[in-house]
Amino acid sequence: MSVFEAQETVALSIDEVFALSRRVLTGAGLSVPHAEAVARAITAGERDECASHGLYRLPGCVMTIRSGKLSLDAEPVVEDASPALVRADARHGYSLLAFERAAPLLAQKAKAVGVAALVINNCFHFSALWPEIEQLTEMGVAALAMTPSHSWVAPAGGRKGLLGTNPIAFGWPRPGPYPYVFDFATSAIARGDMALHDIAGKPIPEGWGVDAEGRPTTNARAALDGAMLTFGGHKGSALSTMIELMAGPLIGDLTSRESMAFDDGAKAAPMHGELILAFDPAIMGGGDAEANAARAEALFAAFADQGARLPSQRRYEARARSLKHGVRTPKVLYDQIQALGF
Ligand code: NDP
Ligand code: PYC
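Values in this document were obtained by computation on a predicted structure and should not be read as measured data.

Engineer: Account for the pattern of salt bridges, with residues named and values stated.
Structural biologist: Counted according to the given criterion, the structure contains 16 salt bridges. Across the salt bridge formed by Asp-198 and Arg-221, the nearest N and O atoms sit 3.0 Å from each other. On the criterion of sequence distance, the pair formed by Asp-198 in helix α6 (residues 191-200) and Arg-221 in helix α7 (residues 220-225) is long-range, its members being 23 residues apart. Residue Glu-213 pairs with Arg-215 through a salt bridge whose shortest N-O separation is 3.3 Å. Using a relative accessible area of 59% as the deciding quantity, one classes Glu-213 as exposed. When salt bridges with common partners are traced through the structure, they connect Arg-47, Asp-48, Glu-134, Arg-315 and Arg-319 into a single cluster.

Engineer: Give a description of the site of ligand 2 that names residues and reports values.
Structural biologist: Taken together, His-53, Arg-57, Phe-126, Trp-152, Thr-165, Ala-190, Arg-191 and Gly-192 make up the full set of residues near ligand 2. Between ligand 2 and Thr-165 there is a distance of 2.8 Å, counted from an oxygen atom to a side-chain nitrogen or oxygen. Computed on the free molecule, ligand 2 has an accessible area of 250 Å², of which 91% lies beneath the protein chains in the complex.

Engineer: Describe the sheet that holds strand β11 (residues 271-279), and please don't skip the residues or the numbers.
Structural biologist: Strand order across the open sheet formed by seven strands is β2-β3-β4-β11-β5-β7-β8, with mixed pairing between neighbours. Only two strands of the sheet have a single neighbouring strand rather than two, namely β2 (77-82) and β8 (180-185). Across the sheet, the axes of successive neighbouring strands diverge by a mean angle of 10°, strand direction being ignored. Relative to β8, strand β7 (residues 167-172) runs antiparallel, the two being bridged by six bridges. Bridging across to β8, Ala-169 finds its partner in Asp-183.

Engineer: Report on helix α11 (residues 289-305), specifying residues and quantitative values.
Structural biologist: Here α11 is 17 residues long and its end C-alpha atoms lie 24 Å apart, about the 24 Å a rise of 1.5 Å per residue gives. Two residues or fewer after α11 comes Gly-307, characterised by a positive phi angle close to 80°.

Engineer: Could you give an account of unusual backbone geometry, with specific residues and numbers?
Structural biologist: Positive phi values are uncommon outside glycine, yet His-92 reaches one of about 65°. Mapped onto the secondary structure, His-92 falls in the loop between β3 (85-89) and α4 (95-113). Residue classification places His-92 among the partly exposed residues on the basis of a relative accessible area of 29%. At Asn-166, a residue that is not glycine, the phi angle is positive and equals roughly 25°. Structurally, Asn-166 can be placed in the loop between β6 (153-154) and β7.

Engineer: Please give an account of the layout of surface pockets that cites residues and values.
Structural biologist: Here the second largest pocket defines a volume of roughly 290 Å³. Taken together, 16 residues make up the lining of the second largest pocket; nearest its centre are Trp-172, Pro-281, Ala-282, Ala-289 and Ala-293. The element best represented in the lining of the second largest pocket is α11, accounting for four residues.

Engineer: Mind laying out the packing of aromatic side chains, listing which residues take part and the relevant values?
Structural biologist: Summed over all chains, the structure comprises nine aromatic pairs. Between Tyr-178 and Tyr-316, the aromatic rings sit 4.4 Å apart at their centres with planes inclined by 25°, giving stacked as the arrangement. Of this pair, Tyr-178 sits in the loop between β7 and β8 while Tyr-316 sits in helix α12 (residues 313-325), and the two are 138 residues apart along the sequence. A residue is classified by how much of its surface remains accessible, and Tyr-316, at 8% relative accessible area, is buried. Here the aromatic rings of Tyr-180 and Phe-182 are separated by 6.5 Å at their centres, their planes lie at 85°, and the arrangement is edge-to-face. The class of Tyr-180 is buried, set by a relative accessible area of 15%. One aromatic cluster is present, built from ring pairs that chain together Phe-170, Tyr-180, Phe-182, Phe-184, Phe-231 and Phe-300.

Engineer: Can you break down the sheet that holds β6 residue by residue, with the values?
Structural biologist: Taken in spatial order, the three strands make up an open sheet running β6-β10-β9, and their pairing is mixed. A single partner strand is all that each edge strand has here, and the edge strands are β6 and β9 (209-210). Both β9 and strand β10 (residues 227-229) contribute to a ladder of two bridges, which runs antiparallel. Across the sheet, Gly-209 pairs through a bridge with Met-228, a residue of β10.

Engineer: Which residues make up the site of ligand 1, and what are the values?
Structural biologist: Of all residues adjacent to ligand 1, which total 23 residues, the nearest are Ser-127, Asp-183, Ala-185, Arg-309 and Ser-312. Here an oxygen atom of ligand 1 sits 3.2 Å away from a polar atom, N or O, in the main chain of Leu-129. About the coverage of ligand 1: the protein hides 74% of its 930 Å² of free accessible area. Of all elements in the fold, only β8 and α12 reach the threshold of two or more residues within the shell around ligand 1. Looking at the shell around ligand 1 element by element, the count peaks at four residues for β8. Of the residues in the shell around ligand 1, the class split is twelve nonpolar, seven polar and four charged.

Engineer: Quick one: what's the story with the nonpolar core, residue by residue and with numbers?
Structural biologist: Ranked by internal contacts, the top residues of the largest apolar core, which has 33 residues, are Leu-25, Leu-30, Val-38, Leu-55, Tyr-94 and Phe-126. Of all the elements in the fold, those that place two or more residues in this core are β1 (9-12), α1 (14-28), α2 (32-47), α3 (57-66), α4 and α13 (331-338). For Val-38, the residues in contact, after removing those within four places along its chain, are Leu-25, Leu-30, Cys-61, Tyr-94, Leu-96 and Phe-126. The next biggest cluster of nonpolar side chains, apart from the first, holds 30 residues, and it includes Val-86, Trp-130, Ala-143 and Ala-278.

Analysis parameters
Residues numbered from 1 in each chain as written. Chains lettered and ligands numbered in written order. Predicted model: local features only at pLDDT ≥ 70, side-chain atom pairs only at ≥ 80, totals over all residues. Heavy atoms only, no water. Salt bridge = Lys/Arg side-chain N within 4 Å of Asp/Glu carboxyl O. Helix = DSSP H or I, 4+ residues; strand = E, 2+ residues; numbered from the N terminus. Buried < 20%, exposed > 50% of the residue type's maximum accessible area, 1.4 Å probe, protein only. Near = heavy atom within 4 Å. Polar contact = N/O pair within 3.5 Å; in protein donor to acceptor, adjacent residues only side chain to side chain. Areas by Shrake-Rupley, 256 points an atom, 1.4 Å probe, with all protein chains shown as cover. Pairing = 2+ DSSP bridges. Axes fitted to C-alpha atoms, helices over the stretch in contact; angles between N-to-C directions. Expected span 1.5 Å × (residues − 1). 1 Å grid on protein atoms, 1.4 Å probe; cavity = no way out; pocket = protein on both sides within 12 Å on 5 of 7 lines; lining within 4 Å. Points joined across faces, edges and corners; volume = space filled by probe spheres on them. Phe/Tyr/Trp six-rings, centres within 6.5 Å; stacked < 30°, edge-to-face > 60°. Nonpolar A, V, L, I, M, F, W, Y, C, P; charged D, E, K, R; others polar. Core = buried A, V, L, I, M, F, W, Y, C linked by side-chain atoms within 4.5 Å. Contact = heavy atoms within 4.5 Å.

Structure below.
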């Protein structure tokens, strides 16, 4: 359920969401290739009713553009680094164009050797990971992606921001248009969702954050100003730390703490790296790809047998609805975007 339930909304078609995003981003100075890559990600978020990574992100993108830290027109440099490694230097541009340019080579390598990695370096990153995972499953590979953010999250047992909200996403290709995909922050909730609670004036559940003095709080603003907490206590904390390492020092890029230091109060999107792994089920499965895929399908079917749902099912249902009827965006956010003046 949206935190903006019962509040005034504005109706937009999917094409209007894309056009609005593109207009704001190019108006703020972003080059057309970057603006269109960012607008596609924002439109996908709005379409799938993932409010924390939809139109809500536009004002933050404008703040990032105005920070002077983002390269507005960087051409990503894609390097065929080894038989199983693609390296894409985003050159301080947004991550999304670098991903789009490098993803086909990643899938090609996975299909040649079984498993391959894409390392994206020096990228500003604000987006959900599932659009990237879906692009890879469409190419027939299973995929795992992870990235740090800014150090807003306390480790288990601590009370001060050190780790990022560090998302991890996985996808498994399936027959038909809908792959198995999960994508979640390793904080109890994405920071974007916490901010939406603040904007809507809604309390947050206990366990999402602590205030600046380290006391548990149900006030979203207090938790944003204090520290967020990981999901699952020490387990989420360890998973988040793994993401710091794998998508940080392992790939020669910044941790969330270092990203925050780079930001130096500018309030731009985090700047660091991203790691994406791709696996070819035909090579990894040792021959009988069809039988292996059927066993995966049997596993998925057993969820429904007991009334459970697969991750992304809500998203796919929202997508079908939005493609038919368009979306309804909270007026308070729409007005904020219009006030940007583009
Ligand atoms: P949620 O907790 O909303 O959802 C996490 C995942 O769990 C989704 O795949 C969701 O599928 C699934 N899910 C939720 N409820 C159920 C259920 N009852 N049964 C089965 N599956 C379920 O996400 P978060 O707040 O943790 O993260 C939101 C987004 O924020 C992510 O897309 C993430 O990439 C992004 N993010 C990006 C960051 C960045 O640095 N770029 C940092 C942090 C987060 P469904 O959508 O269908 O409900
Ligand atoms: O929602 O936590 C978040 C987030 C951080 C960077 C982009 N999204």
